[in-house]
Structures are given as C-alpha cells and as structure tokens.
Amino acid sequence: MYFFIVLNIVLCVFEQQARLIIAPIAIEICYFVLFLALLCLVIVSIKKEESVLWSDVFSSLVIIVWLIYWRSLFKDDSIIFFFFPLYFFSMGALIELFFSAPSKHTDVDTLRYMASIKNSILFKPWIIMLGVLISLSLDDNYLLFPVLMTLLLIRLKFSIYLNSVSC
C-alpha cells in the first residue's frame, strides 16, 4: 500500500506543478497498464490468500489508467486530477497509520462477525477490483471510482487486520 500512497502524492504534486501533458502515445500506454491491472486481478482471483503486493500494484496501475483515460474527457484545468490523488493519498495514509496494528481489545464475537463479512461474496477483493475497472469506463458517474477505490483500500486493511489477529 506504500507504493500507492507515494504514487498518489507524486501525481498530486506533479499535477499541481507541471500540468501533465498527454501525448498521442498515452492511449497505448493506457491499454498496456490496463492489461497489467487485469493481470493483477486474475492473480488475486486465483490466489487463495490475500496479497498486499498485488493489491498495491493493482491500485497503482488503476490510478495511472484513470489519470490517462479521464484526462482526455475533462478540461485541462480540472481540479479533479489534483483532488482525487490527494484524497487517495489521505485515505491510504490514514488507513495505514490508524489500522496497522491489531487491537488487544477486540472481542471474539466481533472477530467472528468481521470474518463473516470478509468471507461474503460481495466483499471478495476480485469483485471490488472488477468494479473499480468497470467504474473507469463510467465517466458520467465520476464519484463511483473513488468510492470503489476506497472500498478496496478498506477491504485490504480489513483482511490484513483479521490475518494478524488470527495468527
């Protein structure tokens, strides 16, 4: 999750200072990065245990695809390309900072309830990742992408917390 956090702050600063220039080759780069994100989705869906690395790589690749693809749909001075990476940086950093260590005060019933939520079919990481990829193409619903990315970040930390408590 650290690479995702660093990438978002770099994108935020770069957007504020240099204004990204989209070259004609950017769409081909976008398709290649999207292919890599799909590959990460397949790897996560095949693996039985949760991997922080693949979720981090997927999130980072998707934010790059979002930036390249959506940049052509909005005006050049749109603040969405500054605030969404800033939001993802803030959410990732806060989730990483406050929910890293397992609590000693979590009771058994709460852990069972959290495990049942984690095992729910709608809360599987590959379903959320698929939703994130679909939300990239829904440019009319521009808030769906950050909501699903936030849900993916929460799902990742949720799983890491439950794995650290059960060990």
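Residues numbered from 1 in each chain as written. Predicted model: local features only at pLDDT ≥ 70, side-chain atom pairs only at ≥ 80, totals over all residues. Heavy atoms only, no water.

Caption draft 1: Region of interest: the packing of helix α3 (residues 52-71) against helix α6 (residues 125-137). Here α3 crosses α6 at 5°, and the two axes come no closer than 10 Å. In terms of orientation, α3 lies roughly parallel with respect to α6. Packed against α3, whose contacting residues are S55, F58, V62, V65, W66, Y69 and W70, the element α6 presents M129, V132, L133, S135, L136 and S137 at the interface. For the contact of α3 with α6, the residue count by class is 10 nonpolar, 3 polar and no charged. (Axes fitted to C-alpha atoms, helices over the stretch in contact; angles between N-to-C directions. Helix = DSSP H or I, 4+ residues; strand = E, 2+ residues; numbered from the N terminus. Parallel < 35°, antiparallel > 145°, perpendicular 65-115°, else oblique. Contact = heavy atoms within 4.5 Å. Nonpolar A, V, L, I, M, F, W, Y, C, P; charged D, E, K, R; others polar.)

Caption draft 2: Inspection of α6 at higher detail. When the terminal C-alpha atoms of α6 are compared, their 19 Å separation across 13 residues agrees well with the 18 Å that a helix rising 1.5 Å per residue should span. Those residues of α6 not exposed but buried are P125, I128, M129, V132, L133, S135 and L136. With its buried residues spanning 160° around the axis, α6 presents them on a single face. (Expected span 1.5 Å × (residues − 1). Buried < 20%, exposed > 50% of the residue type's maximum accessible area, 1.4 Å probe, protein only. Arc of directions from axis to C-beta.)

Caption draft 3: Up close: the confidence of the model for the chain. With 89% of its residues at a pLDDT of 70 or more, the chain shows a mean pLDDT of 82. No element of the chain has a lower mean pLDDT than helix α5 (residues 108-118), which averages 81, and none a higher one than α6, which averages 90. (pLDDT = per-residue confidence, 0-100.)

Caption draft 4: Summary view of the pattern of salt bridges. With the rule as written, the count across this model stands at 2 salt bridges. Here D109 and R112 are joined by a salt bridge, their closest N and O atoms 3.2 Å apart. With D109 and R112 both in helix α5 and 3 residues apart, this pair spans about one turn of that helix. Judged by its relative accessible area of 52%, D109 falls in the exposed class. (Salt bridge = Lys/Arg side-chain N within 4 Å of Asp/Glu carboxyl O.)

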